[in-house]
Amino acid sequence: MSAPFSLLPQENILQTLKPVRPWAFLGYYIGSLFVLALGLLLLSFSGWFLLLVLLGALLLLATYYYSGAFTYYLTNKRIVIYRKFITISTRQIQYDDLSDVVVDVGIVGRIVGFGNVIPVTKSGLGLGTTGWHAGAGYGRIPGPIVVGGPVSTTVRAVASPSTCIYGVKDPFSVKDLIFKYQEEYAEAPYLKRIAKKIEEKPKALAGAQFCPFCGSKLVEGAKFCASCGKKVQTD
């Protein structure tokens, strides 16, 4: 399977995913249609609102192409997020950089059957903060008086087409596949070291002599076994 990026040595593409159109971008379409409908409604009052109609139509057209601009690739070594909309950009996430994988399925997603798979990295990619702050101010000579209220913030996974696997079918299976290859990717270095030791052991024992009585390794040229003391070489 061809890809618009260079594959690493011994890298294979496991799955290619695209957002479910138009449902994954329903909020974008609703916003564009609202601007278009508002412009058409106000057009009877003034011809200047034709600009609002054109803006709504442009947003609707841009949403259509934007929703088809993303392709997500799962390989045996990384996750690649590819976007081709006006410009081209790619983002890659190595499996060993993942700290968590969050699945986000909204109301429409539950009905239609799609969701967002958010890879959260150790550096915080995939996370965002939400919060609120209350306060009041009063200006008066010689200086202002400011009264601040409480601040509350929450860190949570944030779904964005450019930073996660956005709006794809069967998101829980995608999450399981990522975890599977994350585990295999993490185990690969250890398995290579074990295989190397197994290969080196027969080489180290090549040409070695052993006592026919107790099986201990013999010192080169020795006539008696150092372990059992029995004679192993005849004069």
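What counts as what
- Residues numbered from 1 in each chain as written.
- Predicted model: local features only at pLDDT ≥ 70, side-chain atom pairs only at ≥ 80, totals over all residues.
- Heavy atoms only, no water.
- Phe/Tyr/Trp six-rings, centres within 6.5 Å; stacked < 30°, edge-to-face > 60°.
- Helix = DSSP H or I, 4+ residues; strand = E, 2+ residues; numbered from the N terminus.
- Buried < 20%, exposed > 50% of the residue type's maximum accessible area, 1.4 Å probe, protein only.
- Pairing = 2+ DSSP bridges.
- Axes fitted to C-alpha atoms, helices over the stretch in contact; angles between N-to-C directions.
- Core = buried A, V, L, I, M, F, W, Y, C linked by side-chain atoms within 4.5 Å.
- Contact = heavy atoms within 4.5 Å.

What is the right way to look at the packing of aromatic side chains in this model?
For any two aromatic rings, the description comes down to two numbers: the centre-to-centre distance and the angle of the planes. Counted under the stated rule, the structure contains 9 aromatic pairs. Look at Phe 25 and Tyr 66: their rings are 6.0 Å apart centre to centre, the planes differ by 85°, and that puts the pair in the edge-to-face class. Of this pair, Phe 25 sits in the loop between strand S1 (13–17) and helix H1 (26–42) while Tyr 66 sits in helix H2 (residues 50–67); the two residues are 41 residues apart in sequence, bridging distant segments of the chain. Exposure remark for Tyr 66: the relative accessible area of 18% places this residue in the buried category. Where Tyr 66 meets Phe 70, the ring centres are 5.1 Å apart and the plane angle is 90°; that geometry is what we call edge-to-face. For the pair formed by Tyr 66 and Phe 70, the shared burial category is buried.

I tried to follow the sheet that holds strand S5 (residues 98–104) on my own but got confused; where do I start?
Strand order in the open sheet formed by 3 strands is S5-S6-S9, and the pairing between neighbours is antiparallel. Because the sheet does not close on itself, it has two edges, and the strands there are S5 and strand S9 (165–169). Averaged over all adjacent pairs, the angle separating strand axes in this sheet is 25°, with direction ignored. One ladder, built from 6 bridges, connects S5 with strand S6 (residues 114–121); its direction is antiparallel. By the bridge assignment, Leu 98 is partnered in S6 with Thr 121.

Can you walk me through the environment of Trp 23 in this structure?
Within the secondary structure, Trp 23 sits in the loop between S1 and H1. For Trp 23, a relative accessible area of 40% puts it in the partly exposed group.

Would you mind showing me how to read the nonpolar core here?
In globular proteins that are soluble, nonpolar side chains generally tend to be buried together. In terms of nonpolar packing, the biggest core is built from 28 residues, with Tyr 72, Leu 74, Ile 79, Ile 165, Val 174 and Ile 178 touching the most fellow members. Among the elements of the structure, strand S2 (70–75), strand S3 (78–85), S5, S6, S9 and helix H4 (171–205) are those that each provide at least two residues to this core. Excluding anything up to four places from it in sequence, Ile 165 contacts Leu 17, Tyr 72, Leu 74, Ile 79, Gly 115, Asn 116, Val 117, Pro 119, Val 174 and Ile 178. Core analysis: the second largest hydrophobic core is formed by 5 residues, Phe 5, Ile 13, Val 80 and Tyr 82 among them.

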